[in-house]
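Residues per chain, in single letters:
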Amino acid sequence: MTGDPQAGTDTRDRAIAALAAIAIGIQILEAAIPSPVPGIKPGLANIVTLITLLVLGWRAAVAVTLIRVVGSSLLLGTLLSPAFWLSLAGALASLALLAALRPFAPRHVGPVGLAIAAAMAHITGQFLLAWAIIIPHPHLPLVLPPLLLAALITGGLTGILTAHVLADPRIQRHVRNSAPNH
């Protein structure tokens, strides 16, 4: 008797939906926390993206990220607003860099390296969109170095948290038999 191939797809789809829901919840909670510097948030929902990438693979990480961006913007009331486009630009830039680093993960680039790279790409993508379309001011590039420093710090934090989550024995039970599907 052979197993149902649809069962594996259904399980994977449920895992992606659950991870996307967790990421949306984290992003909404994070949006409620006031930031001392406008626009700078820890990006804790990216932990879910990194876990998805390392456990389920590239396609699942793309799905979780895009569902998170659209879902959280719907729930926050920012769909198609500048905040949505900035979030999408950052997410797409992060995904592009993660795609380039994918062959090196996790053997040569671990969760911290991936998280820092993704955070730097995220802020760069957001900055480029803001500078090109939303705030095309000639002095705007002066804010990029502090933003990149913040991305370095927050990326390091999310990478460390991702590594801790992946190392947790309770999580290991769920990911032990999962093979990345790039």
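Residues numbered from 1 in each chain as written. Predicted model: local features only at pLDDT ≥ 70, side-chain atom pairs only at ≥ 80, totals over all residues. Heavy atoms only, no water.

**Student:** Please provide a residue-by-residue account of the overall build of the protein chain, values included.
**Tutor:** In terms of helices and strands, the protein chain carries 7 helices and 0 strands. Along its sequence from the N terminus, the protein chain presents helices and strands in the succession α-α-α-α-α-α-α. Taken over C-alpha atoms, the radius of gyration comes to 17 Å for the protein chain, in line with the 16 Å a tight globule of 182 residues would show. C-alpha extents for the protein chain along the principal axes are approximately 65 × 35 × 30 Å. Relative to its full complement of 182 residues, the protein chain shows a buried share of 38%. (Helix = DSSP H or I, 4+ residues; strand = E, 2+ residues; numbered from the N terminus. Rg over C-alpha atoms; globule rule 2.2 N^0.38 Å. Buried < 20%, exposed > 50% of the residue type's maximum accessible area, 1.4 Å probe, protein only.)

**Student:** Now, about a nonpolar patch on the surface: what can you tell me, with residues and values included?
**Tutor:** A contiguous nonpolar patch, built from Val-70, Leu-74, Leu-75, Leu-79, Leu-80 and Trp-85 and spanning about 600 Å² of accessible area, is present on the exposed surface. Take the nonpolar patch: its biggest share by element is 3 residues, from helix 3 (residues 58–76). Of the residues examined, Val-70 reaches a relative accessible area of 36% and is grouped as partly exposed. (Patch = residues over 30% accessible without salt bridge, like charges linked within 9 Å, V, L, I, M, F, W, Y side chains within 5 Å. Areas by Shrake-Rupley, 256 points an atom, 1.4 Å probe, with all protein chains shown as cover. Salt bridge = Lys/Arg side-chain N within 4 Å of Asp/Glu carboxyl O.)

**Student:** So what about the packing of aromatic side chains? Which residues, and what values?
**Tutor:** If you walk through the whole model with that rule in mind, you get 2 aromatic pairs. Seen from their ring centres, Phe-84 and Trp-85 are 4.9 Å apart, and the 75° between their planes marks the pair as edge-to-face. In this structure Phe-84 comes out as buried when scored by relative accessible area, which is 6%. Where Phe-127 meets Trp-131, the ring centres are 5.8 Å apart and the plane angle is 40°; that geometry is what we call tilted. (Phe/Tyr/Trp six-rings, centres within 6.5 Å; stacked < 30°, edge-to-face > 60°.)

**Student:** So, the side chain of Ser-87: which residues are in play, and what are the values?
**Tutor:** Looking at where Ser-87 falls in the secondary structure, it is placed in helix 4 (residues 82–101). Overall, the relative accessible area of 15% leaves Ser-87 in the buried class. Apart from residues no more than four positions distant in its own chain, Ser-87 is found in contact with Gln-27, Val-69, His-122 and Gln-126. (Contact = heavy atoms within 4.5 Å.)

**Student:** Describe in detail the environment of Gly-113, supporting the description with residues and values.
**Tutor:** Summarising the element assignment, Gly-113 is placed in helix 5 (residues 111–134). Spatially, the C-alpha atom of Gly-113 lies 7.0 Å from that of Gly-159, the residues being 46 residues apart in sequence.

**Student:** So what's going on with the pattern of salt bridges? Residues and values would help.
**Tutor:** Applying the stated rule across the entire model yields 1 salt bridge. One salt bridge in this structure joins Asp-168 and Arg-170, with 2.6 Å as the shortest N-O distance. Judged by its relative accessible area of 55%, Arg-170 is exposed.

**Student:** Lay out unusual backbone geometry with the relevant residues and their values.
**Tutor:** The phi dihedral of Leu-80 falls on the positive side, at around 70°, and the residue is not glycine. Note on placement: Leu-80 falls in the loop between helix 3 and helix 4. Relative accessible area serves as the criterion here: at 55%, Leu-80 is assigned to the exposed category.

**Student:** Describe the packing of helix 2 (residues 46–56) against helix 6 (residues 144–167), with residues and values.
**Tutor:** Following both chains from N to C, one finds helix 2 and helix 6 inclined at 50°, their axes separated by 9 Å at the closest point. By the criterion of interaxial angle, the relationship of helix 2 to helix 6 is oblique. Seen from above, helix 2 lies across helix 6 with right-handed handedness. Packed against helix 2, whose contacting residues are Ile-47, Leu-50, Ile-51, Leu-54 and Val-55, the element helix 6 presents Thr-158, Leu-161, Thr-162, Val-165 and Leu-166 at the interface. (Axes fitted to C-alpha atoms, helices over the stretch in contact; angles between N-to-C directions. Parallel < 35°, antiparallel > 145°, perpendicular 65-115°, else oblique. Left-handed = near helix turned anticlockwise from the far one by under 90°.)

**Student:** Provide a residue-level description of helix 6, including the pertinent values.
**Tutor:** An ideal rise of 1.5 Å per residue puts 34 Å on 24 residues; helix 6 measures up with 34 Å between its terminal C-alpha atoms. Within helix 6, burial applies to Leu-144, Leu-147, Ala-150, Ala-151, Thr-154, Gly-155, Gly-156, Thr-158, Gly-159, Thr-162 and Leu-166. (Expected span 1.5 Å × (residues − 1).)

**Student:** Which residues make up the nonpolar core, and what are the values?
**Tutor:** The biggest cluster of nonpolar side chains holds 27 residues, and the ones touching the most others in it are Leu-53, Leu-56, Val-64, Leu-98 and Leu-114. Mapped onto this core, the elements with two or more residues apiece are helix 1 (5–32), helix 2, helix 3, helix 4 and helix 5. What Leu-53 contacts, discounting residues up to four positions off in sequence, is Trp-58, Ala-61, Leu-98 and Leu-114. In this structure, Ile-123, Phe-127, Leu-140 and Ala-151 belong to the second largest nonpolar core, which totals 7 residues. (Core = buried A, V, L, I, M, F, W, Y, C linked by side-chain atoms within 4.5 Å.)

These values are about where atoms sit, not about what they do.
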